[in-house]
Amino acid sequence: MSTSPASQTAPLLFPQMDWAYWYGKPTATAKFKDTLSDFKVVEDIGFTPSGAGEHIFLLIEKTQLNTAYVAEQLAAFTDLPLRNISYAGRKDKFSISTQWFGVHCPGKKSFVWEELDLPGVVVKSVSRHDKKLKTGALKRNAFTILLRDVSDISAVEQRLDEISTKGVPNFFGSQRFGEVRYLDEAGQQCTKFGGNLTLAENLYNGKGIKNRNKRSVAISALRSWLFNTYISEKIHQETFATVTVGDVCILSGSNSFFTAETVDTTIQQRLIDKDIVLSAPLWGAGELASTDTAKAFEETLAAEYPDITKCLEDLGLKQERRAIHLWPQHLSHRVIDKQHIEVSFTLPKGCFATSILREVVQFTA
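Here the structure is a predicted model, which is why all the values come from computation and not from measurement.

Caption draft 1: Region of the structure containing the overall build of the protein chain. For the protein chain, the count of helices and strands is nine helices and 18 strands. Here the C-alpha radius of gyration of the protein chain, 21 Å, is about what a compact globule of 365 residues would show, namely 21 Å. Counting every position in the protein chain, which comprises 365 residues, the buried fraction comes to 50%. For the protein chain, the share of sequence-separated contacts (at least 6 apart) that also reach a separation of at least 24 residues comes to 79%. Element-wise, carbon and sulfur atoms account for 49% of the exposed surface of the protein chain, whose accessible area totals about 17200 Å². Measuring between centres, the 42 positive side-chain charges of the protein chain sit 6 Å from its 42 negative side-chain charges.

Okay, structure coming up:
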């Protein structure tokens, strides 16, 4: 399944999607997702279902299906409302993904899952639990990715070595903004990003979205676009890896944060040591948590997009924070031959493999 270079054209409300690179634009090129088996992800919810209760937990391997569609099909199969079907996180449609789904069955009704006739879906295990599988109830994702027709293996290995030490910008990946695959006039399969931003623009223009899943992805795309723009601007201003006065610093591996009232060598070293990570706003109503210089930067950038910030506030979202740095765990690679390399790593929930790959290679047809 060959793809052309991704189009980065966004709807008119969004002036750009070509965000900055931390290491500079990669010189190596490679094919990505040439076949579905080239991109594999396995979800880890971080706990074992209890074995009892009215919630059925399904571990499902899905191929070329998006998460929301599988949820809809599970609702149809069980004859339950869609609200009774849940999942910890969304997974890329163009992949082989192993992930958990929850089915809430009041009265502990059971189903013959072998009769679920859904092409692209394999039920790997079935268990029960006493609590609902909630969105975000996820610890990490493990990725195995094959890059084909790599133009410069040594350049890829060098980038991976740098990333293992310094990490990457924690951009929301292209999946968040929607991927549309289509055939051009010559029959070539192409990929265009930004479909979810088109939905977001409709939402901004007052057009209702009845489907709750589509409405959710539209809101997420809108908010994520602004967050990515914050990161990109910090890279341009060379403040991405430097603590400034008033920055909101998150304690690594936790939800705790503090505001840097002063900046000295100690706090800078904590950032280098990965004890803390800088953050940027996930925009919503309310006061920014940042102060002083950092707050002035965040407010100035927000003022460039008043329509978007107001829309997010009007949608009822509240100010939140998200880390701007991402360090992959268990990063390793295997050179298969002169043109193929397999890359493996794990990421915390809510982080994107494409944020790693965009700093490693440019994707080609």
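Caption draft 2: Broad picture of unusual backbone geometry. With a phi close to 55°, Q64 is a non-glycine residue in the positive phi region. Along the chain, Q64 turns up in the loop between β3 (55–63) and α1 (67–78). With a phi angle near 60°, K108 is a residue other than glycine that sits in the positive phi range. The residue K108 is located in the loop between β5 (96–104) and β6 (121–129) in this model.

Caption draft 3: Main features of the side chain of D247. The topology assignment puts D247 in the loop between α5 (212–236) and β11 (248–251). A polar contact of 2.8 Å, which involves the side chain of D247, links it to the side chain of T244. Dropping the residues within four chain positions of it, D247 is found in contact with K234, T242, F258, T259, A260, L278 and A294.

Caption draft 4: The arrangement of the pairing of strand β17 (residues 340–348) in detail. β17 sits mainly inside the fold: seven of its nine residues count as buried. Here strand β7 (residues 140–148) runs beside β17; their pairing, made up of eight bridges, is antiparallel. Bridge pairing in β17 links T144 to S344. Relative to β17, strand β16 (residues 329–337) runs antiparallel, the two being bridged by six bridges. By the bridge assignment for β17, S332 is matched with S344. Where β16 folds back on β17, the antiparallel hairpin that results is connected by two residues.

Caption draft 5: Looking closely at the packing of α5 against helix α7 (residues 292–303). Close contact between α5 and α7 brings their axes to 11 Å; oriented N to C, the two are set at 120°. It follows from the interaxial angle that α5 and α7 lie oblique. For the crossing formed where α5 meets α7, the hand is right-handed. Residues T229, Y230, E233 and K234 of α5 form the contact with α7, whose participating residues are F297, E298, L301 and A302. Of the residues assigned to the contact of α5 with α7, the class counts are four nonpolar, one polar and three charged.

Caption draft 6: The arrangement of the packing of aromatic side chains in detail. If you walk through the whole model with that rule in mind, you get 18 aromatic pairs. Taken together, a centroid distance of 5.5 Å and an interplanar angle of 35° make the contact between F143 and F345 tilted. Of this pair, F143 sits in strand β7 while F345 is found in strand β17, placing the two residues 202 residues apart along the sequence. Exposure class is identical for F143 and F345. Each is buried. One aromatic cluster in this structure is built from F32, F39, F143, F345 and F363. Sitting over the ring of F39, K33 keeps its end group 5.1 Å from the ring centre. Above the plane of the ring of F172 lies R322, whose end atom (NZ or CZ) is 3.8 Å from the centre.

Caption draft 7: Structural context of the nonpolar core. Ranked by size, the top nonpolar core spans 42 residues in total, and within it F177, W225 and Y230 carry the most contacts. Going through the elements one at a time, α4 (195–204), α5, α6 (265–272), β13 (276–282), α7 and α8 (306–314) are the ones with two or more residues in this core. The greatest single-element share of this core, amounting to 10 residues, is contributed by α5. Counting residues in each nonpolar core, the second largest holds 27 residues, with A30, L147, V156 and L357 among its members.

Calculation rules
Residues numbered from 1 in each chain as written. Predicted model: local features only at pLDDT ≥ 70, side-chain atom pairs only at ≥ 80, totals over all residues. Heavy atoms only, no water. Helix = DSSP H or I, 4+ residues; strand = E, 2+ residues; numbered from the N terminus. Rg over C-alpha atoms; globule rule 2.2 N^0.38 Å. Buried < 20%, exposed > 50% of the residue type's maximum accessible area, 1.4 Å probe, protein only. Contact = heavy atoms within 4.5 Å. Areas by Shrake-Rupley, 256 points an atom, 1.4 Å probe, with all protein chains shown as cover. Lys, Arg positive; Asp, Glu negative; His and termini not counted. Charge placed at Lys NZ, Arg CZ, Asp CG, Glu CD. Polar contact = N/O pair within 3.5 Å; in protein donor to acceptor, adjacent residues only side chain to side chain. Pairing = 2+ DSSP bridges. Axes fitted to C-alpha atoms, helices over the stretch in contact; angles between N-to-C directions. Parallel < 35°, antiparallel > 145°, perpendicular 65-115°, else oblique. Left-handed = near helix turned anticlockwise from the far one by under 90°. Nonpolar A, V, L, I, M, F, W, Y, C, P; charged D, E, K, R; others polar. Phe/Tyr/Trp six-rings, centres within 6.5 Å; stacked < 30°, edge-to-face > 60°. Lys NZ or Arg CZ within 6 Å of the ring centre and 35° of its normal. Core = buried A, V, L, I, M, F, W, Y, C linked by side-chain atoms within 4.5 Å.

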